[in-house]
Each structure stands twice: as structure tokens, then as C-alpha cells.
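Each chain, written out:
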Amino acid sequence: MPLMPSAGLHARVALDKHDFRTSHALGQNFLLDDALLSHLLDLADVSAQDNVLEIGPGAGVMTALLAGRAQRVLAVEVDERLRPVLESVLAPHENASVLYADFLKCDAGTLVDGAFGGAPYRVVANLPYYITADILLRLTTCARRPERIDIMVQREAAERILSNPGCKQWCALAAIVRHYGAARVLEDVPAAAFDPPPHVESCFLEIARYAEPPVRPADEAAFLRTIHAAFAMRRKTLANNLKSAFGLSAQQAADVLDRAGIDGRVRGEALSLEELARVSDALQELEH
């Protein structure tokens, strides 16, 4: 029996055959190295019990390797031009399917329920960097949140996600991710590993969902809205941001912060998750 070509070689041949040219506008920087991707999937600890959602499969090398390890893989790809490439690379893998759609325009819960039923799932992906924040916000706040997220991101984005309250980089995304799970960098990945190489540093980031969230606000949707409000205008005080976001008077904003035990002169980026939850709960008390 002849040896099957590696997924990376198969992908390169298919890309050449179909004269595919990567799109800078779509953030296409492909990973085609089987050894590197296998190492990353080892770090991600992908197992035969896993249902995996992959966003942005590109030429399908990671998809094929995931299919060799996981129970089922659903890849979501926005670029229809990749259809013949992915069909070729994934032909040997019956447990891998591709949905050609914009993930940010899909209902994530409906999408994963259709693919995996009610079973838990995880996300493993080499994300297009320009939509990293949007995808993470969608994944960490949707009704059917993944159990774990392992993604390739720009190093600068990872530093923001790993930042702490009071730091310059502490932001709404960092706060929301921290509410969802614990983040850590698994591996730095050089630009030369990508085709074409990006002009930024990259790393493989793990975000493991908490069994119990660090804070329990009275209303989850209100808490997320409070986080976004706190960071909306960084030069303004939290009181002014609350006034703008929730239509409060100066006195009402002051009362909310007093009830939450927060200094009225503080800016949103100084607040911890616990303090943001207290502000959210105080806002809920005001409305009721």
C-alpha cells in the first residue's frame, strides 16, 4: 500500500493545482508544517473524545491533523475559493466537515449544536488576527461556550488578554476572557512558520474555561454591558462612562458607585472583575 502524503504536502500540492493566492484582507497566513502543528496539538491535548470547532481552517492541514485525533471536527471557512483545496486535503477524513460561512454572522449555539448535538466542544484554530477579539468575545459570551480555546494569536493580542487590572493593556476583552477562563501562552511561533509570513510575532494561546466563574454577578448580560461601558472611553471616569452608557444622571452614577464601594473618581481600567461585578449589581438595584 503506498504511503499517504503528509497533510502539509497534500495542501501545498492542492494550493498550487488550484492556483490559490492568499488574501491579506482575510488575514490568511497558513500553517502547513505537519510537525509544528502536531506539536501544537500535543500542547493542546486534543483527544479522541473531543468535538472540535475550528475557525479559519485555511488549507486544512490543522483540520486534517485534528480529524486524526478528535471525535469530530467542524471547520468554518469564509473563503469559498478554498473549497477545492479543503475537499482534496480532507477527503480521507469522514469525521471532518467544512461550513463555508462567516463565523461572526452565525449563531454559535445553533452551529455547534448542529455539528455536535448537546455534547461539549472545544475550539482549536489559527485565527485570522484581525478578528481575534470579535471571535473571542463571541465564544466566551455565547450560550454554548466551549470548554477550552486553543488559538494562534498575535503576540500583542495575547499580552492584552493576559493583562491585569490597573495595567495600560487591561481592557474589556481581557476582563471578559478572565471571567470565562484562565489564559496562558503555550508556545511562541516564529513568523517563518507561516505562509506567507506575517509581519507580527505570534503565539499559541490556551484559555481553559473555569468550572466555577471567579465572580457571580446578579445578571450576566448586565455584567457584560457594564464591562463594555467601563472601558468605552478610557480618558473618562467610570462615573462619566456609566452616565453615557446607561443614561444616568450625575447623582445616580455617584449613588451606584457609592453602593458598590467604588471611588467616584476612578477610571474603568483600574477595576478588578470583582469590582466590576459590584458595579453591575448596584446598577441592577437602581433599575429595580
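The structure reproduced in this document is the subject of the present report. (Residues numbered from 1 in each chain as written. Predicted model: local features only at pLDDT ≥ 70, side-chain atom pairs only at ≥ 80, totals over all residues. Heavy atoms only, no water.)

A count of helical and extended segments in the chain gives 12 helices and 9 strands. Projecting the C-alpha coordinates of the chain onto the three principal axes gives extents of approximately 75 × 40 × 30 Å. Split into buried and exposed, the 288 residues of the chain put 49% on the buried side. In the chain, once contacts between residues fewer than 6 apart in sequence are set aside, the share between residues at least 24 apart is 69%. Element-wise, carbon and sulfur atoms account for 50% of the exposed surface of the chain, whose accessible area totals about 13,500 Å². (Helix = DSSP H or I, 4+ residues; strand = E, 2+ residues; numbered from the N terminus. Buried < 20%, exposed > 50% of the residue type's maximum accessible area, 1.4 Å probe, protein only. Contact = heavy atoms within 4.5 Å. Areas by Shrake-Rupley, 256 points an atom, 1.4 Å probe, with all protein chains shown as cover.)

Mapped onto the elements, Glu 77 comes out in strand S3 (residues 72-77). Of the side chains bearing the opposite charge, Arg 81 lies closest to the buried Glu 77, which forms no salt bridge; the N-O distance is 7.8 Å. If we skip the residues at most four places from it in the chain, Glu 77 touches Gln 28, Gly 56, Pro 57, Gly 58, Leu 82, Leu 86, Val 98, Leu 99, Tyr 100 and Ala 101. (Lys, Arg positive; Asp, Glu negative; His and termini not counted. Salt bridge = Lys/Arg side-chain N within 4 Å of Asp/Glu carboxyl O.)

Attention shifts here to the nonpolar core. If you look at the biggest cluster of nonpolar residues, it comprises 61 residues, and the most contacted ones within it are Leu 53 and Val 279. Per-element tally for this core: the top contributor is helix H8 (residues 172-180), with 7 residues. Core analysis: the second largest hydrophobic core is formed by 38 residues, Ala 14, Phe 20, Ala 70 and Ala 96 among them. (Core = buried A, V, L, I, M, F, W, Y, C linked by side-chain atoms within 4.5 Å.)

With that settled, the discussion passes to the pairing of strand S6 (residues 148-154). In terms of burial, S6 is largely enclosed, as 6 of its 7 residues are buried. Pairing between strand S5 (residues 122-126) and S6: 4 bridges, direction parallel. Its bridge partner lying in S6, Asn 126 is registered against Met 152. Between the parallel elements S5 and S6, the chain passes through helix H6 (residues 132-141) in a crossover that is right-handed. Alignment of S6 against strand S9 (residues 202-209), held across 7 bridges, turns out to be antiparallel. Following the sheet pairing, Asp 150 is matched in S9 by Glu 206. (Pairing = 2+ DSSP bridges. Right-handed = clockwise from strand over helix to strand, strands pointing away.)

Within the fold, Ser 272 resides in the loop between helix H11 (250-260) and helix H12 (273-287). In this structure Ser 272 comes out as buried when scored by relative accessible area, which is 18%.

What follows covers the packing of aromatic side chains. Using the criterion set out here, one finds 3 aromatic pairs in the structure. Judged by centre distance (6.2 Å) and plane angle (25 degrees), the ring pair of Phe 116 and Tyr 121 falls under stacked. (Phe/Tyr/Trp six-rings, centres within 6.5 Å; stacked < 30°, edge-to-face > 60°.)

Cis geometry is adopted by the peptide bond preceding Pro 196, which originates at Asp 195 and carries an omega value of -5 degrees. Inspection of the secondary structure puts Pro 196 in the loop between strand S8 (194-195) and S9. Residues other than glycine seldom take positive phi values, yet Asp 19 does so here, at roughly 50 degrees. In this fold, Asp 19 is placed in the loop between helix H1 (7-17) and strand S1 (30-31). Phi at Asp 45 takes a positive value of approximately 60 degrees, unusual for a residue other than glycine. Considering the arrangement of structural elements, one finds Asp 45 in the loop between helix H2 (34-44) and strand S2 (51-55).

Quick look at the packing of helix H10 (residues 238-246) against H11 now. For the pair H10 and H11, interaxial distance at closest approach is 9 Å and the crossing angle is 120 degrees. Classed by the angle they form, the pair H10 and H11 counts as oblique. By crossing handedness, the relation of H10 to H11 is classed as right-handed. Here Leu 238, Ala 239, Leu 242 and Lys 243 of H10 come into contact with H11, specifically with Ala 250, Ala 253, Val 256 and Leu 257. Residue composition of the contact of H10 with H11, grouped by class: 7 nonpolar, no polar and 1 charged. (Axes fitted to C-alpha atoms, helices over the stretch in contact; angles between N-to-C directions. Parallel < 35°, antiparallel > 145°, perpendicular 65-115°, else oblique. Left-handed = near helix turned anticlockwise from the far one by under 90°. Nonpolar A, V, L, I, M, F, W, Y, C, P; charged D, E, K, R; others polar.)

For the rest of this paragraph, the subject is H6. Listing the buried residues of H6 in full gives Thr 132, Ile 135, Leu 136, Leu 139 and Thr 140. Along H6, the residues classed as buried sweep out an arc of 120 degrees about the axis, all on the same side. On the buried face of H6, the contacting elements are S2, S5, S6, helix H7 (155-161), H8 and S9. (Arc of directions from axis to C-beta.)

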